[in-house]
Amino acid sequence: MAAPLPSLLSPGVARDPYRHYRLLREDFPLVRDEPLGAWLLSRYADVRAALADARLGAEPSAPGPDCRGLLEPALRAAAERTAYVLARRMAGRREADLVADFTAWLPAAAAVAALGLPWEDAVRAQEWCRTGSAHPGAPHPELAALLRPHVVRRRSHPGTDLLSALCGGRADGQALSDDAVTGLACTLLTGGGEATALALASFLANLLDHPAQLDLVRARPGLIPGAWAESLRRDPPAPVVLRRATAPIALGGTTLPAGAVVACLIGSAGRDPYRFADPDRYDIFRADPAHLAFGAGPHYCPATALAGLAAECGLRALLDAMPGLRWAPGFRSAPRGLMTRAPRRLLVRPC
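Conventions used here
- Residues numbered from 1 in each chain as written.
- Predicted model: local features only at pLDDT ≥ 70, side-chain atom pairs only at ≥ 80, totals over all residues.
- Heavy atoms only, no water.
- Salt bridge = Lys/Arg side-chain N within 4 Å of Asp/Glu carboxyl O.
- Helix = DSSP H or I, 4+ residues; strand = E, 2+ residues; numbered from the N terminus.
- Buried < 20%, exposed > 50% of the residue type's maximum accessible area, 1.4 Å probe, protein only.
- 1 Å grid on protein atoms, 1.4 Å probe; cavity = no way out; pocket = protein on both sides within 12 Å on 5 of 7 lines; lining within 4 Å.
- Points joined across faces, edges and corners; volume = space filled by probe spheres on them.
- Nonpolar A, V, L, I, M, F, W, Y, C, P; charged D, E, K, R; others polar.
- Polar contact = N/O pair within 3.5 Å; in protein donor to acceptor, adjacent residues only side chain to side chain.
- Expected span 1.5 Å × (residues − 1).
- Pairing = 2+ DSSP bridges.
- pLDDT = per-residue confidence, 0-100.
- Contact = heavy atoms within 4.5 Å.

Examining the pattern of salt bridges
Then, in step 1: Counted according to the given criterion, the structure contains 17 salt bridges.
Then, in step 2: Residue Asp215 pairs with Arg218 through a salt bridge whose shortest N-O separation is 2.6 Å. Here the residue Asp215 and the residue Arg218 both occupy positions in helix 11 (residues 211-219), the gap between them amounting to 3 residues, near one helical turn.
Then, in step 3: Judged by relative accessible area, Asp215 falls into the partly exposed class, the value being 45%.
Then, in step 4: A relative accessible area of 28% means that Arg218 is categorised as partly exposed.
Then, in step 5: What you see here is one network of salt bridges that share partners, running through Arg234, Asp235, Arg271 and Asp280.

Things to note about empty space enclosed by the protein
With a probe scaled to a water molecule rolled over the atoms, the places where space remains empty come into view.
Then, in step 1: Here the structure, examined in full by the defined rule, presents 2 cavities of 30 Å³ or more.
Then, in step 2: Taken as a whole, the second largest cavity holds about 30 Å³ of empty space.
Then, in step 3: Lining the second largest cavity are Phe102, Leu106, Leu200, Phe203, Leu204, Ala310, Ala311, Gly314, Leu315 and Leu318.
Then, in step 4: Of all the secondary-structure elements, those providing two or more residues to the lining of the second largest cavity are helix 10 (194-209) and helix 14 (302-321).
Then, in step 5: No other element matches helix 14, which puts 5 residues into the lining of the second largest cavity.
Then, in step 6: Residues that form the lining of the second largest cavity fall into these classes: 9 nonpolar, 1 polar and no charged.

Quick notes on the environment of Asp161
Then, in step 1: Here Asp161 is to be found in the loop between helix 7 (141-156) and helix 8 (162-167).
Then, in step 2: Residue classification places Asp161 among the buried residues on the basis of a relative accessible area of 16%.
Then, in step 3: From its side chain, Asp161 meets the backbone nitrogen of Leu163 in a polar contact 3.1 Å long.

Remarks on helix 10
Then, in step 1: Taking 1.5 Å of rise per residue, the 16 residues of helix 10 would be expected to cover 22 Å, and the 22 Å separating its terminal C-alpha atoms lies within 8% of that figure.
Then, in step 2: Burial runs high along helix 10: 13 of the 16 residues are buried.

Comments concerning the pairing of strand 9 (residues 261-265)
Then, in step 1: Burial analysis of strand 9 places 5 of its 5 residues in the buried class, which makes it a mostly covered element.
Then, in step 2: Burial of the side chains of strand 9 extends over both faces: Val261, Ala263 and Leu265 are buried on one face and Val262 and Cys264 on the other.
Then, in step 3: By the bridge criterion, 3 bridges tie strand 2 (residues 38-41) to strand 9 in an arrangement that is parallel. If you follow Trp39 over to strand 9, its bridge partner there is Val262.
Then, in step 4: Alignment of strand 6 (residues 240-244) against strand 9, held across 5 bridges, turns out to be antiparallel. Bridge pairing links Val240 to Leu265 in strand 9.

Some remarks on the confidence of the model for the protein chain
Then, in step 1: Taken over all residues, the pLDDT of the protein chain has a mean of 88, while the share at 70 or more is 89%.
Then, in step 2: Low confidence marks residues 132-137, where pLDDT is under 50. Its contacts with residues over four positions away, or in another chain, come to 5 contacts.

Overview of the sheet that holds strand 10 (residues 326-327)
Then, in step 1: The antiparallel open sheet is built from 3 strands, whose spatial order is 3-13-10. The open sheet has two free edges, formed respectively by strand 3 (96-97) and strand 10, since each of these has just one partner strand.
Then, in step 2: Inspection of the sheet shows strand 3 paired to strand 13 (residues 347-349) by 2 bridges, in the antiparallel sense. Each residue of the ladder has a partner; that of Ala96, found in strand 13, is Val348.

Section: unusual backbone geometry
Then, in step 1: A positive phi angle is found at Asp278, which is not glycine, with a value near 45°.
Then, in step 2: Structurally, the position occupied by Asp278 is in the loop between helix 13 (266-269) and helix 14.
Then, in step 3: The phi torsion at Ala290 lies on the positive side, around 45°, for a residue other than glycine.
Then, in step 4: Counting through the fold element by element, Ala290 comes out in the loop between helix 13 and helix 14.

Below, the structure is given as structure tokens:
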């Protein structure tokens with residue numbers, strides 16, 4: 001008799017989930033994982049379709065306003081300043097940990113700087129950001145409560161920060177309400193939380209593991225967006241995304257009832273050989289990385305914009321402050337985790 005299919009929660013799977021993903025894609029594209037309490041989807045086309053299906057909660061029922069004209073210039077300026085400060089602090093050291101000293105701080109600190117929030121509030125907000133995914137489609141309640149007094153003050157005494165700009169902003173011809181401003185600010189802060197920090201750690205690890213590609217990016221900064229997208233495809237920060245069916249849904253020839261939990265294996269989808277040639281290879285010149293790390297819906301997400309800007313501005317700042325950046329002697333990055341995954345240490349020689 002064939003051995004039973006291991007669960008994602010089985011010992012050893014988290015250490016190297018990609019062998020398990022390969023087995024699932026080839027022989028079990030939709031299968032019930034009893035210990036996890038979820039149905040597993042592992043092929044790219046199936047995962048992409050599931051993430052975009054409203055019956056699986058893939059999109060908020062009421063997406064926020066598209067204010068990229070206000071958001072992105074302020075976010076870029078804040079990300080550039082924050083990345084420069086963090087990189088310069090490491091430049092003179094003999095050895096540095098890019099996770100502890102850079103990636104863990106850059107996204108949240110850039111969002112806080114752009115919004116003009118006091119740092120003591122940001123420290124509390126950063127911990128709440130770690131649980132932001134527990135409130136899909138709605139602002140984190142404690143974070144929203146923290147922000148509302150700031151929104152009220154900016155209404156009466158506007159400054160030069162992004163929160164003031166949002167208070168005076170308009171979308172679709174209408175002034176933004178306090179709830180809309182609070183929701184956008186929450187999205188930026190939660191987007192500057194753990195997922196973006198993990199994605200940045202994997203991005204830097206991929207480039208440091210491939211010094212020839214890092215040299216190309218150093219010489220041609222226009223390659224950074226493609227290098228970032230390729231890292232998100234190969235090593236997404238949340239390889240397993242859980243969704244609950246709000247209505248009966250047909251997947252892979254099986255109809256799942258309302259209430260069924262579906263695990264969208266983004267980490268498996270990104271390495272599906274039916275979608276990507278040589279999928280385990282990191283290649284900054286891949287023509288169409290088409291990652292699913294931030295979902296598959298059509299709506300503009302300011303948190304996604306912040307993540308991309310943090311990656312671009314962060315790498316530029318590091319290479320400017322530390323032109324000889326390389327791994328510390330004897331160190332090799334080791335990604336860890338199943339539901340979230342990235343290296344937890346990145347020891348480097350700054351010069």
